[in-house]
Amino acid sequence: MARSTEFAVYRPKTVLNKGKRADHWFWCRYSAYPYIGCQHSCLFCYLRERKYCPFDDLNDFGYVIKVKENAPSCCAKP
């Protein structure tokens, strides 16, 4: 039986993430993601690494998409 995708909405404080040091691949300290998880669920995706993946079960990465409900308002200029 095929597993269906679940979209879970939540409200983060911000969409912009600031790292302690520059990323080793992109050479920047900031990232912005409007959601967590991905239906493509590529096995080689760097977001599946434990430090980025918020799921207890790594298989949930492709089936539970966490959508940041207030992403547009977090990015809007005052």
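For the structure, see preceding data.
Reading guide: rules and limits
Residues numbered from 1 in each chain as written. Predicted model: local features only at pLDDT ≥ 70, side-chain atom pairs only at ≥ 80, totals over all residues. Heavy atoms only, no water. Helix = DSSP H or I, 4+ residues; strand = E, 2+ residues; numbered from the N terminus. Buried < 20%, exposed > 50% of the residue type's maximum accessible area, 1.4 Å probe, protein only. Contact = heavy atoms within 4.5 Å. Areas by Shrake-Rupley, 256 points an atom, 1.4 Å probe, with all protein chains shown as cover. Patch = residues over 30% accessible without salt bridge, like charges linked within 9 Å, V, L, I, M, F, W, Y side chains within 5 Å. Salt bridge = Lys/Arg side-chain N within 4 Å of Asp/Glu carboxyl O. Pairing = 2+ DSSP bridges. Polar contact = N/O pair within 3.5 Å; in protein donor to acceptor, adjacent residues only side chain to side chain.

1. Structural notes on the overall build of the protein chain
Argument step 1. What the protein chain contains, in helices and strands, is one helix and five strands.
Argument step 2. Per-residue burial for the protein chain yields a buried fraction of 19% across its 78 residues.
Argument step 3. The contacts of the protein chain with a sequence gap of at least 6 include a subset with a gap of at least 24, amounting to 58%.
Argument step 4. On the protein chain, roughly 6500 Å² of surface is accessible, and the fraction owed to carbon and sulfur atoms is 58%.

2. What to know about a nonpolar patch on the surface
Argument step 1. The grouping of Trp25, Phe26 and Tyr46 at the surface amounts to a nonpolar patch, some 380 Å² of accessible area in total.
Argument step 2. Within the element layout of this structure, Phe26 appears in the loop between strand 2 (16–18) and strand 3 (30–32).
Argument step 3. In this structure Phe26 comes out as partly exposed when scored by relative accessible area, which is 48%.

3. Topic: the sheet that holds strand 4 (residues 35–36)
Argument step 1. Strand order in this open sheet of three strands is 1-5-4, and the pairing throughout is mixed. Of all strands in the sheet, those with a lone pairing partner are strand 1 (6–10) and strand 4, marking the two edges.
Argument step 2. Pairing between strand 1 and strand 5 (residues 64–68): five bridges, direction parallel. Within the sheet, the bridge partner assigned to Glu6 lies in strand 5 and is Val64.

4. Digging into the side chain of Asp60
Argument step 1. Looking at the secondary structure, you find Asp60 in the loop between strand 4 and strand 5.
Argument step 2. There is a polar contact of 2.6 Å between the side chain of Asp60 and the side chain of Arg3.

5. Some words on the pattern of salt bridges
Argument step 1. Counted by the stated rule, this structure contains two salt bridges.
Argument step 2. Residue Arg3 pairs with Asp60 through a salt bridge whose shortest N-O separation is 2.6 Å. With Arg3 in the segment before strand 1 and Asp60 in the loop between strand 4 and strand 5, this pair connects stretches of sequence that are 57 residues apart.
Argument step 3. Arg3 sits in the partly exposed class, given a relative accessible area of 42%.
Argument step 4. Accessibility expressed as a relative area gives 19% for Asp60, which makes it buried.

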